[in-house]
Amino acid sequence: MKNKLVLVTFMTALVAMISGCSGKQAPDEFLVLKNAPLTLPPEYHLSPGDANEDLIDVNDPQAIAKRALFGEGQ
């Protein structure tokens, strides 16, 4: 009698669990959203030592080229 009650309880719980999942739909793995391309921030070339320099001078390509060729003194 006790085994029959355990079996009925188990079957009832199993039916309840299975019927609870019947309304859900599986995700569509082919529907993939594309991410925007990565971009670099405008101050990417700055280093911690450049914090006290003028930002306009740092972003100027000619000033960067002069510093690269002639050193930090220019």
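Residues numbered from 1 in each chain as written. Predicted model: local features only at pLDDT ≥ 70, side-chain atom pairs only at ≥ 80, totals over all residues. Heavy atoms only, no water.

Caption draft 1: Up close: the overall build of the protein. Across its full length, the protein carries three helices and zero strands. When the helices and strands of the protein are placed in sequence order, the string is α-α-α. Put simply, the protein has 74 residues, and 5% of those count as buried. For the protein, the computed accessible surface area is about 7,400 Å², with 65% contributed by carbon and sulfur atoms. (Helix = DSSP H or I, 4+ residues; strand = E, 2+ residues; numbered from the N terminus. Buried < 20%, exposed > 50% of the residue type's maximum accessible area, 1.4 Å probe, protein only. Areas by Shrake-Rupley, 256 points an atom, 1.4 Å probe, with all protein chains shown as cover.)

Caption draft 2: Local environment of the confidence of the model for the protein. When the pLDDT values of the protein are averaged, the result is 76; 74% of them are 70 or greater. Looking across the protein, the model is least confident in helix α2 (residues 55-59), with a mean pLDDT of 60, and most confident in helix α1 (residues 2-20), with 86. (pLDDT = per-residue confidence, 0-100.)

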